[in-house]
Each structure stands twice: as structure tokens, then as C-alpha cells.
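# Breakdown of the fold
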Amino acid sequence: MSLRAALRTKRCVSGLLSQLPSCSSHVRPRAPAVLVSQQRNNSTSPKIKVDFDQSTGVAIMQMQSPPVNSLSLDFLTELCISVEKLEMDKSCRGLIITSSQPKVFSAGLDIMEMYGKSPERCGEFWKAVQEMWLKIYGSNMVTIAAINGSSPAGGCLMAMTCDYRIMADNPRYSIGLNETQLGIVAPFWFKDTMTNTVGHRTTEMALELGLLYSSSEALKIGLVDQLVPEDQVLTTATETMTKWLAIPDHARQLSKSMMRKPTIDKLTSNREADIKNFVSFITKDSIQKSLRMYLEMLKKRRG
Amino acid sequence: MSLRAALRTKRCVSGLLSQLPSCSSHVRPRAPAVLVSQQRNNSTSPKIKVDFDQSTGVAIMQMQSPPVNSLSLDFLTELCISVEKLEMDKSCRGLIITSSQPKVFSAGLDIMEMYGKSPERCGEFWKAVQEMWLKIYGSNMVTIAAINGSSPAGGCLMAMTCDYRIMADNPRYSIGLNETQLGIVAPFWFKDTMTNTVGHRTTEMALELGLLYSSSEALKIGLVDQLVPEDQVLTTATETMTKWLAIPDHARQLSKSMMRKPTIDKLTSNREADIKNFVSFITKDSIQKSLRMYLEMLKKRRG
Amino acid sequence: MSLRAALRTKRCVSGLLSQLPSCSSHVRPRAPAVLVSQQRNNSTSPKIKVDFDQSTGVAIMQMQSPPVNSLSLDFLTELCISVEKLEMDKSCRGLIITSSQPKVFSAGLDIMEMYGKSPERCGEFWKAVQEMWLKIYGSNMVTIAAINGSSPAGGCLMAMTCDYRIMADNPRYSIGLNETQLGIVAPFWFKDTMTNTVGHRTTEMALELGLLYSSSEALKIGLVDQLVPEDQVLTTATETMTKWLAIPDHARQLSKSMMRKPTIDKLTSNREADIKNFVSFITKDSIQKSLRMYLEMLKKRRG
């Protein structure tokens, strides 16, 4: 059994989420859950479940990759194909993204896609992360994140990429771009997306410290738009969608594009350079060593 | 009697302002009053009244084009001439813009300037809208909007173009760029002005949904700076002006220019393209059809 | 005794801070303390005191140039040398900037460096102001401003240039870029720094009016991050530093650079033009006359 295979069976996000002692509300490096991976017992079953209601024009996309919907290459590929299908179906006007896993929306990028992998494979993975962001951030559909659990790092990015964010009102759930805590750096388009959502200063401090925010803190800084009791997240998303769909599609889409196009163009015109940059960063000995230590810590913790 | 003439005598903003059922505070497509027009019984009487007090250096500009100060080509031309005169008068240092019409500041662009008109005329109209924005947003005078009534769409733009906004504390009055609700799209410089005022995320949601905000909501998001009882709007504007005029003009003007010049330059260097873009959009069959349906709905409602 | 020498012995900031009548909270031109100078009785003693604790990796920099830590060429030169030394010392990871003077953090640029000076000298001075900003805003160290007193103009700039701002909770202390009140204009990189900190609209109004904010107002708009009782400013800064230093340096530095580099690049690529611009502005007869009148007013007031 390879190290990698051994690690696979050991990791889960619940350990991550309580790993660091909590700090003051200003500087709270709580949970470096940026990079996770997960048991892949069910690698052949679909990681994404889509229910499209033709009568309302709304699709509900459930992320169902146990235990924590980590964003692996397989997961992202499946997600992108699903979004693209809906995007091309003119009868689909709204997309709600949520999780079928308990306590977590998505725990972010899969660490195993970055540890001990060839540069080619790392590049392929990063291209899929870009693709996910491009597809959702630029979608013509109304996109609502029904955040029914924690959503660190790549999970936070996915949520921010939607038009509207409804989060479960649970102080145990956190959300944020916490990459910095693991010694890695959010790329410029993660940064741009967050700046567009919560402004420059909040983003600066969030990224410097890799901050994770509780649901109520996230509401306060505008990282999410609304908190509701956990069992009402999906129904509220559906009700909100109805209101958004009352707006003429064409004008809404043009307005959205006007707001987001400059940010999208920055990545599309620098996509190859961004991949190169990621690959050269993540394959550095020092970074691989950090990832190995992190994985070993997780292993020991659950050993 | 032409359709247009028939419509002219029928439309008024009060109907518009209660047209859609109100929704939640998050998504509230209340009043698609973006495009209005008005009875022109008094087309030869001045639409703009200016009182300039030489002793204080402050001019009060009353918009008095019944019923709702809609921004027609005539109205905008008169307004621009008035502003330019004051701008060139070195003794005029401050400008307060308000409405003499009950319950409305300005109801925005006149729909009749966009419906069934030649491309040339549409272009002429749009140039006047640009001119109004350029003149006020770049004014060397201190400009204060005394918002004593509702101020949708172009009315909101005019208010945002000033240095400071005082609004009547009346929950029935609303303000916002609600173009999207009518199927049309705020141009990039409307968007830039709003982003400069309330930030990127608030603007994104406001434009996607065509949101109108009540006066207290507008204060909360920073769309207006101050609420006062309705009968104190003008006196508060006058008092505030005195404080602004205590600041050395030259330094204030340079500071203002430093903040606004990049946004102004974006339009001045794209003015012709922006006109072409508007004309090609507004003369589309689908858009003209939307406008006709809208006008017919108004006609029926008051028939 | 030259006019300049005479003035030197007369000026102090306490007079400045109560010079204008206070106004409403919206427009409050309280203290035009943008330009100060100070007695230089102890011109040979160090203006900057640095205590570097090798065991924690944290340096505390005390500004100790009586009476008000005004930013003279000598002061800035000494400060820049100190920061550079710490920056090059790999064992120094954090820098806390505070004042050893009572009631004032720093009162900003020294007026005597701008009045009656040769263009060459003015240029040299301005270059030092730029250098201070470049060194701190781009520092790889964690920088925390422990603002234990008023901090107008250049003092506010210095505070904004840090990663985190803790201010004494004292309503008598104010902070802000109040240059406009004296008839001078904050340069574009002061403006950019403020926009990055509190957003576009707040900056626009702050600069147009030269606003100074009380400590609680400053917290509300995000100009400072935290208020604590005056005697706990430094200890809180030290505790906060510990939390920031728990974050991996490299990732934090890269995140910081990603947020600040575009703003820094704007100045570095326009540095000479910015100096020329300042020199040509400050040596104008009208500006020199303003400064002379201001100095004479101070002189009379304390005569």
C-alpha cells in the first residue's frame, strides 16, 4: 500500500476543522482546511447529482462525494460537465448548488491532486479548477449557493462564484479562503473574486491571515448574503430563486456580465501563465515538504 | 391623435410606483419606474428653475417638469445649459439640486425619447444623458442632491452624480438603478458611478435585480448619505453646503477630480461608441416591443 | 533670528488640534494639523528608537521627535534607515510602530520642509516621504500601527501603510487625511492607500473635505481595525503580532504583495513625475502664501 493510498483512508475534514486553537475575532486562524482529500470507496458512483425541474426551470446540484466533497480532478470534471449541460439547455434558468454531505459544503481542493504528482497532472488539475470558476462565475443562469456546512478554501471560492449565498446559521460552520495557513497562496482570481465580494481591505486581511469566518461573521462582512436555520437553507434558496427569475433574463445576464467580465477576462487572457505558475509553485520541494508534513500530521492524528 | 400623443396624456409615475407586488428586502422588484414620460401641457414653460444667491455663492436648482421630472431631451438640454452657466460663473460655488414636484425627485429617462424614434434622435437623446452626467459628475461646484421624493433609474444616477445626498426619510420613497426590471441595461458609466458609491458587490446585486431601495435601505448601503424629515431636506442641504464651502475650493476640486477623473475619462474616450451601443440596443425590435407592451400596460391601467 | 527659527520655537500641535470650530459628524473640519513642525532643541538625538527582541522576532519602533513626531527630512531619513535595517535582518519578522510622545502618534509632514525652501530641497523631502511609504507598505514584515494619539495627514498615511491598526479609545484623538483643509492636496498614492483601506466613496468624501475622524468614527469606517484603552495599545499590538506571526511568512508575504503590488507599482513607475508635481505645486506663490499665513496665524496664537 503506497503512502498515498494509506493517507487516503485516513483523512477526513472533521479533524481539520478543530486543529488550531481559536483566536480572537480579529485574527482567528481556526481551520487550515484548505487542502483535503477523502476516501474514495465509491469512485465510480457519480459525485454530482442534478435534479432539474422543467416546470420551474431550476436545477438543484447536490455535491455528493463523501466525506467532504473535496475538489478532485474527477469531481471538478464531473461538475463542469454538469454545469455545461445545464448552461446549454435553454429551459434551465437557475442553478442551486448544495451539498448532500453532512456538515460540509465543500472542503476545497483535494490535496492528493497536488502531492507527489507529475507537473502534467498538476497542470491538468489546475485547468479544471479554472474551468469550474469560469463556468460558474460567467454563467448565464442565476446561481445560488445553498451553503449547508463548512466551506473553506476552494469551497469558499465556489460559493463566492455564485450570484447569491445562503448559509446555514450554525456557529460551527466556517467559510473563507484559508490557503495561507497551509503555506500556499490563493491565486489572483481567487483574490479578485473575494475583492469583488467583500472589498479590498477585508480581502487583504483575510488572505494575509488565511481567515475562516463563522457564519455570522461571514454575514457581517458580506461574504454570505443571508443566514437561515440549517433545515431551511434549500427551501430559502428555492424561494429566492423564484424572485431572481422574475427579472428579465437578458437584462440580468448583461448586467452580470458587465460586472464580472473584466475579472473573467483577466484569467482567460492569462490562463496558461496561471497554470505554469501554479505548477511551478506546487512542485517546489519546500511546498511538497509542507504538504507531506501536513498529511503526516493528519495520519498521526487519526492513526 | 397618434398613439404617442394618446400615451402622453395617460402616463404618470404614481401608477408605476405601485405596479409590482413588493418582495422580501433582499429581492424587491418594487417599482420599474425606470422609463417614464409625462404630460407635456406646459412644454414651453421652463423645466428648470434656478435661484442663485450671490451672497452665499449657492444656487438652488428646482426641477419643475410635471408630473415627474422625467429626463426628456428638452429637460436635459435645459438642465445642462443651466449647470454650464453656473459653472462658468466664478461666484457660484455650490449647487443644490431638488424637485418642485410632489413625491418625486426625478423618475428617470423619458420613455418617449426611446420609443418609435429614429436612430438619429435616439443618439441625440443619449448624448444629452451623457452630457448631464459629465457636467455634474465633473463639476467644480459642490453639488448636493436634496432628494425629496422617489428617484429611480436616471433619477438615481443624477443623485449619485452629486457630492452628497440628503433624502427625505419617507418609507414610500425609493431610489435605485432599476433598469433591469424593464428589460434594459444600465450602461457602464451608470455602473461605474454606482460602484464608486456603494462598492462592487452591492452594485452587482442591485443591477442584476434592478433593485429599488427604500430611503432607510439606501442609507444603510450608502446610496444616500443622510435622511431627514421631508420638510427639512432643503434646509439641511443648505446647512451642509455651508460646511462644504468652508473647505478651500481649489484643494477640494483637485481632490474630487483625482477621485472621479478615471471614471469620467472612461466615458469621454468612449462617448461615440457608447451612443452607438445605446442606439443599436434601443432600436432593436425586441426592445421596442418591450417598451410598447410597457406603454400599453400603463395606458390600460389608466384608461 | 530668522523667521523660520522664530517659528520653530512657537509651533506645537495642541494649538492646531483646536483651531477650527467643530461641525456636524458629517462635515467636521476639526483639525487642520496636516502640516506641523516642531521645536528642534534636540536635533542631534535620535528621532527613532528601535527595540528589537531577538527571541520573539518583533521590533518596536518608537517615534520620539518632540513635540509631535512631525515628518521632517531628518526624521524620515532616520525612519527609513531603521526600517531597512530591520527588513534586511531575517530574524526580524514583525514591526510595531508607535509614539513616545504624549497625545500624538505623528502630526504629519513638517511644514518647514515645504515653506521657503528651494525646489531641490523640496524634491529631496518628497522623495523621503515616498521612500517611507514604499518601505512600509511593501514590507515583508508584519507591520502594526499602535496609534496612541492623534494621527492627521502624513501620520494617518503612515498608520494606513501598516498591516493592522490599533488605536487608543480616546475621543480626543483624531485620524484622517486632512490636507485639503490647508489648501493642499493628498497625492494619488495617499488616495490609493486610503481607497484600499476604506473604499472609494468614504475616501472621496474624506479627501474632498479633509475629514478627521475621532477614534470611534475611524473604527466605524474601517480606518482603524481595533480600539483599546490607551494603556493597552502597545500590549494589544504585541499580542496581535503573536497571532500574525503564527501564519507562515512566505504565504503571508505573497498574499500581501498580491494585494498591494499594483498600488506600489503605480508610484514606483511614476516616482520622478510625482516629485516634479509636488515641487511645482508646493513652490507656487499662492501655496507659499497659504503656508505663510498659516504659520503667522500659529505664531500670533502662541505669541
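What comes next is a walk through the structure. (Residues numbered from 1 in each chain as written. Chains lettered and ligands numbered in written order. Predicted model: local features only at pLDDT ≥ 70, side-chain atom pairs only at ≥ 80, totals over all residues. Heavy atoms only, no water.)

### Some points on the overall build of chain A
- Helix and strand counts for chain A come out as twelve helices and nine strands.
- Scored against the burial criterion, the 303 residues of chain A give a buried share of 61%.
- Summarising the internal contacts of chain A: among those between residues at least 6 apart in sequence, 77% fall at separations of at least 24.
- Element-wise, carbon and sulfur atoms account for 54% of the exposed surface of chain A, whose accessible area totals about 11300 Å². (Helix = DSSP H or I, 4+ residues; strand = E, 2+ residues; numbered from the N terminus. Buried < 20%, exposed > 50% of the residue type's maximum accessible area, 1.4 Å probe, protein only. Contact = heavy atoms within 4.5 Å. Areas by Shrake-Rupley, 256 points an atom, 1.4 Å probe, with all protein chains shown as cover.)

### Topic: the sheet that holds strand E8 (residues 213-214) of chain C
All names here are of chain C.
- Read from one edge of the open sheet, three strands run E5-E7-E8, paired in mixed fashion. Pairing within the sheet leaves two strands with one partner each, and these edge strands are strand E5 (151-152) and E8.
- Looking at chain direction, strand E7 (residues 174-176) and E8 are connected through two bridges and run antiparallel. What sits directly across from Ser174, in E8, is Ser214. (Pairing = 2+ DSSP bridges.)

### Some thoughts on the interface of chain A and chain C
- Taken together, the contact between chain A and chain C spans 24 residues of the former and 21 residues of the latter.
- In this assembly, chain A packs against chain C so that about 2000 Å² is buried in total across both faces, 66% of it on carbon and sulfur atoms.
- The largest contributions to the chain A side of the interface with chain C come from His200, Arg201 and Glu208 of chain A, which together make up 33% of the buried area.
- Taken together, the connections running from chain A to chain C amount to two salt bridges.
- We note a salt bridge from Glu204 of chain A to Arg260 of chain C, for which the minimum N-O separation is 2.8 Å.
- Connecting chain A to chain C are eight residue pairs in polar contact (both at pLDDT 80 or more).
- Among the elements that line the side of chain A that touches chain C, the one with the most residues is helix H7 (residues 200-209) of chain A, at eight residues.
- Split by residue class, the side of chain A that touches chain C holds twelve nonpolar, eight polar and four charged. (Buried area = accessible area lost by both parts, 1.4 Å probe. Salt bridge = Lys/Arg side-chain N within 4 Å of Asp/Glu carboxyl O. Polar contact = N/O pair within 3.5 Å; in protein donor to acceptor, adjacent residues only side chain to side chain. Nonpolar A, V, L, I, M, F, W, Y, C, P; charged D, E, K, R; others polar.)

### Examining the interface of chain B and chain C
- Counting from both sides, the interface comprises 21 residues of chain B and, opposite them, 24 residues of chain C.
- Taken together, the two surfaces of chain B and chain C that pack against each other cover about 2000 Å², and 66% of this comes from carbon and sulfur.
- Three residues stand out in chain B for area buried against chain C, namely Lys243, Met258 and Met259 of chain B, and they jointly supply 31% of the buried area on that side.
- Joining chain B to chain C, the criterion identifies two salt bridges.
- Across the contact surface, chain B and chain C share eight residue pairs in polar contact (both at pLDDT 80 or more).
- Contributing elements (two or more residues each) for the side of chain B that touches chain C: strand E6 (164-168), helix H6 (188-198), helix H9 (233-245) and helix H10 (249-268) of chain B.

### Regarding helix H10 (residues 249-268) of chain C
- With 20 residues, H10 of chain C extends just 24 Å between its outermost C-alpha atoms, more than 12% less than the 28 Å of an ideal straight helix rising 1.5 Å per residue.
- Arg260 of chain C marks where H10 of chain C bends most, by close to 50°; the proline Pro262 of chain C follows one to four residues later. (Expected span 1.5 Å × (residues − 1). Bend = angle between axes of the 7 residues up to and from the residue.)

### A word on the pairing of strand E4 (residues 142-147) of chain C
Residue and element names in this part refer to chain C.
- Taken across its six residues, E4 has six buried, putting it largely inside the fold.
- Side chains of E4 alternate between two faces, with Val142, Ile144 and Ala146 and Thr143, Ala145 and Ile147 buried alike.
- Across four bridges, the pairing between strand E3 (residues 94-99) and E4 is parallel. Within E4, the residue paired with Ile97 across the bridge is Ala145.
- In terms of handedness, the path from E3 via helix H4 (residues 119-137) over to E4 forms a crossover that is right-handed.
- As defined by bridge partners, E4 adjoins strand E6 (residues 164-168) across four bridges and the pair is classed as parallel. Paired with Ala146 across the strands is Ile166, a residue of E6. (Right-handed = clockwise from strand over helix to strand, strands pointing away.)

### Side note on the relation of the copies chain B and chain C
- Take chain B, turn it by 120°, move it 0.0 Å along the axis, and it overlays chain C with an RMSD of 0.0 Å. Overall, the copies show the geometry of a three-fold rotation axis. Distance from the rotation axis, computed per C-alpha, reaches its smallest value in chain B at Gly199 of chain B: 4.3 Å. (Least-squares fit on C-alpha atoms with pLDDT ≥ 70 in both.)

### Description of the packing of aromatic side chains
Residue and element names in this part refer to chain A.
- Within the structure shown, the criterion is met by 21 aromatic pairs over all chains.
- Residues Trp126 and Phe278 carry aromatic rings whose centres are separated by 4.0 Å and whose planes lie at 10° to one another, so their mutual orientation is stacked. Here Trp126, found in helix H4 (residues 119-137), pairs with Phe278, found in helix H11 (residues 271-282); they are 152 residues apart in sequence, far enough to count as distant. (Phe/Tyr/Trp six-rings, centres within 6.5 Å; stacked < 30°, edge-to-face > 60°.)

### Overview of the environment of Gln62 of chain C
Residue and element names in this part refer to chain C.
- By secondary structure assignment, the location of Gln62 is in strand E2 (residues 58-63).
- Residues Gln62 and Lys49 lie 13 residues apart in sequence; the distance between their C-alpha atoms is 5.0 Å.
- Those residues in contact with Gln62 that sit more than four places away from it in its chain are Lys47, Ile48, Lys49, Thr98, Ser99 and Ser100.

### Here we look at the environment of Phe278 of chain C
- Exposure remark for Phe278 of chain C: the relative accessible area of 10% places this residue in the buried category.
- Residue contacts for Phe278 of chain C: discarding those within four places in its chain leaves Met114, Cys122, Phe125 and Trp126 of chain C.

### Quick word on the sheet that holds strand E5 (residues 151-152) of chain B
- A sheet is described by the order of its strands in space; here three strands give the open sequence E5-E7-E8 (chain B), paired in mixed fashion. Only two strands of the sheet have a single partner each, and these edge strands are E5 and strand E8 (213-214) of chain B.

### Description of the pattern of salt bridges
- Tallied over the full model, the rule gives 51 salt bridges over all chains.
- Where Lys191 of chain A meets Asp192 of chain A, a salt bridge forms, and the shortest distance between an N and an O atom there is 3.0 Å.
- Lys191 of chain A gets classed as buried once you look at its relative accessible area, which sits at 11%.
- Judged by relative accessible area, Asp192 of chain A falls into the buried class, the value being 9%.
- In this structure, the salt-bridge partner of Glu84 of chain B is Lys135 of chain B, at a minimum N-O distance of 3.7 Å. Of this pair, Glu84 of chain B sits in helix H3 (residues 73-88) while Lys135 of chain B sits in helix H4 (residues 119-137); the two residues are 51 residues apart in sequence, bridging distant segments of the chain.

### Focus: the packing of H3 of chain B against H4 of chain B
Residue and element names in this part refer to chain B.
- Where H3 contacts H4, the two axes come as close as 9 Å, and the packing angle between them is 30°. Between H3 and H4, the angle is such that the two are roughly parallel. Of the two possible hands of crossing, H3 and H4 adopt the one that is left-handed. On the side of H3, the interface is formed by Leu73, Leu76, Leu79, Cys80, Val83, Glu84 and Glu87, while H4 contributes Arg121, Glu124, Phe125, Ala128, Val129, Glu131, Met132, Lys135 and Ile136.
- Its residues placed into classes, the contact of H3 with H4 shows ten nonpolar, no polar and six charged. (Axes fitted to C-alpha atoms, helices over the stretch in contact; angles between N-to-C directions. Parallel < 35°, antiparallel > 145°, perpendicular 65-115°, else oblique. Left-handed = near helix turned anticlockwise from the far one by under 90°.)

### A look at unusual backbone geometry
- Looking along the chain, the bond that leaves Pro66 of chain A and enters Pro67 of chain A is cis, with omega of 0°.
- Topologically, Pro67 of chain A is positioned in the loop between strand E2 (58-63) and helix H3 (73-88).
- Located in the positive-phi region is Lys103 of chain B, a residue other than glycine, with phi close to 70°.
- Residue position: Lys103 of chain B is located in the loop between strand E3 (94-99) and H4.
- For Ala153 of chain B, which is not glycine, the phi torsion reads 50° and is therefore positive.
- You can see Ala153 of chain B is positioned in the loop between E5 and helix H5 (154-160).
- Given the relative accessible area of 0%, Ala153 of chain B is considered buried.

### Some words on the nonpolar core
- Membership of the largest hydrophobic core comes to 273 residues, with the highest contact counts inside it found for Leu79 and Met158 of chain A, Leu79 and Met158 of chain B together with Leu79 and Met158 of chain C.
- Once you skip the residues sitting within four places of it in the chain, Leu79 of chain B turns out to touch Ile48, Met61, Met63, Met132, Ile136 and Met158 of chain B. (Core = buried A, V, L, I, M, F, W, Y, C linked by side-chain atoms within 4.5 Å.)

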